[in-house]
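Topology and contacts: notes
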Amino acid sequence: MTIQLPDTSGNLRAYEPRQEPLALTTGSPLTSRTVFSAAHVVADPFADTTPDSPAAIDWDATLAFRRHLWSHGLGVAEAMDTAQRGMGLDWAGAAELIRRSAAEAKAVGGRIACGVGTDQIAAGSPAEVRAAYEEQLALVEESGAQSILMASRALAATAQGPEDYLEVYGHLLRQASEPVVLHWLGPMFDPALEGYWGSSDLDAATDTFLEVIAAHPDKVDGIKVSLLDAQREIDIRRRLPQGVRCYTGDDFNYPELIAGDEKGFSHALLGIFDPLGPLAAEAVRVLDTGDTAGFRELLDPTVELSRHLFQTPTRFYKTGVVFLAWLAGHQSHFTMVGGLQSARSLPHFARAYELADGLGLFPDPKLAEERMKNLLSLYGVNQ
């Protein structure tokens, strides 16, 4: 049996779907690396909403997906960019998501870290930005989750230079009750974050970022670097104080960064580990045995799919992530908060399906094929 898939020229080509999924099961906890999947949210398809309405979330399906990730030994990075934070999910929705997911993590023994930002405000003085961060930090700490201090659009808009970042982050780190993860999200993920850390010169920005960490190494568990620049991440990783981890956020180069070199390695906090969860966990278990080549053999073939999903404009990668969750049977529909299901083209979806199917990511390949055909028919492609 074949399926007709369109390319960017409007031509159809026959593709023969895989008949059997990759054999992946839940297994032992991961030991050599700490690995978080930044998880998506499942929209309520029956809510009468518009793209600019507050997010309507299917809580049962959203929490079920987190249990799926935990069952494979992965941690969950909650209320982050992958959950459409600032792209359909506002602070009120994120706060409820954090409360519910943290409670679920406690119930099942799952690891969870949650995003702390400033999205209650669009702009403000450094003092107002600090207060917004403080409100969110308090909620995450009260929930019992680890905190991830995310980049702030409001701070990027109001900061006059590196000193404002040093002041705001220094205050927050002194206040944090437990070590946090600092997140540097590049402008390819969010254009409003251009010039973060007080400069568009990445070398100068890196120096400020590292100055924040060096002043409070006991309050920084690690950093998440999302710049899609492997060499810069390696350079930053080698300059970190002893005991501060690097969590790769590089969805283009993650296998080599996690594998590491003679001078160190990165842990992981990745959006691509939402659709790749079981396969990623299996690869890390192989790495746990010291088999770096086996780890790369499993994970390297996934990079083509990841680069496809994260292609420019990178911020719309969430659409592909949710699309694959639908094809994999983790949710019953392809609807997203904010109407973001419309952010990618049919040829993009077709290629994502082909690459994911080729990797054996779909637990039920027949279901994925049927759902892909249903989508194609909505676009007027007859099989």
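Structure: see above.
Model, not experiment: these values are computed from the prediction.

**Description of the overall build of the protein**
In terms of helices and strands, the protein carries 14 helices and 10 strands. Over its C-alpha trace the protein gives a radius of gyration of 20 Å, about what one expects of a compact globule, namely 21 Å for 383 residues. Dimensions of the protein, computed from the C-alpha atoms along their principal axes, are close to 60 × 50 × 45 Å. Here the protein holds 383 residues, and the buried ones make up 57% of them. Nonlocal contacts in the protein, meaning residues at least 24 apart in sequence, comprise 70% of its contacts between residues at least 6 apart. Carbon together with sulfur atoms contributes 49% to the accessible area of the protein, which is approximately 15000 Å² in total. Each charge class in the protein can be summarised by its mean position, and for the 31 positive and 51 negative side chains these summaries are 2 Å apart.

**A word on helix α3 (residues 126-143)**
An ideal rise of 1.5 Å per residue puts 26 Å on 18 residues; α3 measures up with 26 Å between its terminal C-alpha atoms. Those residues of α3 lying buried are Val129, Ala132, Tyr133, Gln136, Leu137, Leu139 and Val140. End-on view of α3: buried residues confined to an arc of 160°, all on one side of the axis. The secondary structure elements touched by the buried residues of α3 are α2 (91-108), β5 (112-116), β6 (146-149), α4 (153-158) and α5 (162-175).

**As for the sheet that holds strand β7 (residues 180-185)**
Read around the closed barrel, eight strands run β3-β4-β5-β6-β7-β8-β9-β10, paired in parallel fashion. With strand direction ignored, the average angle separating the axes of adjacent strands in the sheet is 25°. In the sheet, β6 pairs with β7 via two bridges, with the strands oriented parallel. Residue pairing for β7: Leu149 is matched across the bridge by Leu182.

**Some details on helix α9 (residues 277-288)**
Given a rise of 1.5 Å per residue, 12 residues ought to cover 16 Å, and the 16 Å separating the end C-alpha atoms of α9 matches this to within 8%. Most of α9 sits inside the fold, with 10 of its 12 residues counted as buried. Listing the buried residues of α9 in full gives Gly277, Pro278, Leu279, Ala280, Ala281, Ala283, Val284, Arg285, Val286 and Leu287. Those residues of α9 hidden inside the fold are in contact with β3 (35-38), α1 (59-71), α8 (254-259) and α10 (292-299). Gly290, located one to two residues past α9, shows a positive phi value of around 90°.

**Notes on the packing of α1 against α2**
With their axes 10 Å apart at the nearest point, α1 and α2 run at an angle of 45° to one another. The orientation of α1 with respect to α2, classified from their angle, is oblique. Relative to α2, the crossing made by α1 is right-handed. Contacts between α1 and α2 involve Trp59, Thr62, Leu63, Arg66, Arg67 and Trp70 from the former and Gly93, Glu96, Leu97, Arg100, Ser101, Glu104, Ala105 and Val108 from the latter.

Quick notes on the rules
Residues numbered from 1 in each chain as written. Predicted model: local features only at pLDDT ≥ 70, side-chain atom pairs only at ≥ 80, totals over all residues. Heavy atoms only, no water. Helix = DSSP H or I, 4+ residues; strand = E, 2+ residues; numbered from the N terminus. Rg over C-alpha atoms; globule rule 2.2 N^0.38 Å. Buried < 20%, exposed > 50% of the residue type's maximum accessible area, 1.4 Å probe, protein only. Contact = heavy atoms within 4.5 Å. Areas by Shrake-Rupley, 256 points an atom, 1.4 Å probe, with all protein chains shown as cover. Lys, Arg positive; Asp, Glu negative; His and termini not counted. Charge placed at Lys NZ, Arg CZ, Asp CG, Glu CD. Expected span 1.5 Å × (residues − 1). Arc of directions from axis to C-beta. Pairing = 2+ DSSP bridges. Axes fitted to C-alpha atoms, helices over the stretch in contact; angles between N-to-C directions. Parallel < 35°, antiparallel > 145°, perpendicular 65-115°, else oblique. Left-handed = near helix turned anticlockwise from the far one by under 90°.

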